[in-house]
Structure formats: structure tokens, C-alpha cells
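# Summary of the model geometry
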Amino acid sequence: MTTSTLINAEPVIHIRRELPNYKRRLRSALETDELMPDLIDEIEVFHQLKDINDPEHPYSLEQLDIVSIDDTRVHHEARRIQVFFTPTVPHCSMATLIGLAICMKLQHSLAGSYKTNVFVYPGSHSSELAVNRQLNDKERVAAALENKSLLEKVNLCLHGKPAL
């Protein structure tokens, strides 16, 4: 894809952030406590998603600040995970593809142990409601992933390559 046809020709690249000290200490304490059940937390979910590639650029979702720990929520009692992502531009036509990649990664890494919901961060996209409706309709997601061309693009993103 040439630069003139990119949706966001010059995205802002963010430096990968270290985990804040208090979260690093908490995570370490939880991992070493053998009496604690092995619960999935926001940090683990983020680590599953951060290296997914943007469909348009050779950068990860973390580098483009599309996903973050702070926009990930784990509700253990309800066995539900919510991920909010922020497209790089409000008119991003790749938002659904990014969301599908996040959905697929969560499905594979959590193996059905949690219900997942993926949302465009409120106010960050011009078609927020339509994208959210698509990403949270199981039948629509399943149908989308049956499309060989779309599945190939999602897989490219999951394997660290631009899809376009």
C-alpha cells in the first residue's frame, strides 16, 4: 500500500512502557503465592494483545497506543474481560479488523474460560456504535472469520505483519 493511500500515513509511535513499579511488585507477589488461584489479570491480557500488529503499519498495537493496560478490565466474579482500543484516527477503516484480531487473540489465549467484549474506546471513532455492535455479536464475528481473505488479514496481524 502506498503512503498516499494509507488511512493514517504518519502515526505517532509510542515508546514501549515499563510496568509501573507497584504493578510489577503486585504481579510478582501474586505469581509467587502458591495459595492464590492463578487468576488472569489486566497485565496478562495486555501482554497477550500488545504485540498484535496494526493492519496498516509495521508497528504493534502497543507502539501505536491502540491498546493499554489501563483500558483492559477483568471481572473475575462474572468471568468477563473487557478490552477498549483506540484507533489512531477517528475515521479509521481498520477498526473492525483490529477488533477482530483482538477478539481472535483472546479466544485462542483464554480458551473460553472468560467471556470477552471488545470495544472501541468511547468517543474515539466516528462509527463507534456500529463497530462495537459487530465486535460483540458472536455470529457476526464467526461469519467474519469464515471469510478466508479476512481471516488471512487477521492472522497476519496476529503474527506481527501488516495486513495490507
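Before reading further, recall that the structure is shown in the block above.
Since the structure is predicted, the reported quantities are computational estimates derived from the model, not experimental observations. (Residues numbered from 1 in each chain as written. Predicted model: local features only at pLDDT ≥ 70, side-chain atom pairs only at ≥ 80, totals over all residues. Heavy atoms only, no water.)

### Observations regarding the packing of aromatic side chains
- For the coordinates displayed, the defined rule picks out two aromatic pairs.
- Each ring, one from F84 and one from F119, has its centre 5.2 Å from the other, and the planes form 25 degrees; the classification is stacked. With F84 in strand β2 (residues 80-85) and F119 in strand β3 (residues 115-120), this residue pair connects regions lying 35 residues apart in the sequence.
- Relative accessible area serves as the criterion here: at 15%, F84 is assigned to the buried category.
- Relative to Y121, the ring of F84 has its centre 6.4 Å away and its plane inclined at 75 degrees; by these criteria the two rings are edge-to-face. Here F84 is found in strand β2, whereas its partner Y121 is found in the loop between β3 and α4 (128-135), with 37 residues between them in sequence.
- Aromatic ring contacts, followed pair by pair, group F84, F119 and Y121 into a single cluster.
- When the ring centre of Y114 is taken as origin, the NZ or CZ atom of R79, which lies over that ring, is 4.4 Å away. (Phe/Tyr/Trp six-rings, centres within 6.5 Å; stacked < 30°, edge-to-face > 60°. Helix = DSSP H or I, 4+ residues; strand = E, 2+ residues; numbered from the N terminus. Buried < 20%, exposed > 50% of the residue type's maximum accessible area, 1.4 Å probe, protein only. Lys NZ or Arg CZ within 6 Å of the ring centre and 35° of its normal.)

### Concerning the environment of D54
- Take D54: it is sitting in the loop between α2 (42-49) and β1 (72-75).
- Among the residues examined, D54 registers a relative accessible area of 5% and is labelled buried.
- Between the C-alpha atom of D54 and that of L64, which follows or precedes it by ten residues, the distance is 8.0 Å.
- Apart from residues no more than four positions distant in its own chain, D54 is found in contact with Y59, S60, L61, L64, I66, I98, C157, K161, P162 and A163. (Contact = heavy atoms within 4.5 Å.)

### Structural notes on unusual backbone geometry
- Notably, D65 is not glycine yet its phi reads approximately 60 degrees, a positive angle.
- Looking at where D65 falls in the secondary structure, it is placed in the loop between α2 and β1.
- A positive phi angle, close to 55 degrees, is found at R79, a residue other than glycine.
- Considering the arrangement of structural elements, one finds R79 in the loop between β1 and β2.

### Notes on the pattern of salt bridges
- Enumeration according to the criterion identifies one salt bridge in this entry.
- Two residues, D51 and K50, come together in a salt bridge whose shortest N-O distance is 3.4 Å.
- D51 sits in the partly exposed class, given a relative accessible area of 38%.
- Classification of K50 by relative accessible area gives buried; the value is 14%. (Salt bridge = Lys/Arg side-chain N within 4 Å of Asp/Glu carboxyl O.)

Functional significance is not addressed by these values, which are geometric in nature.
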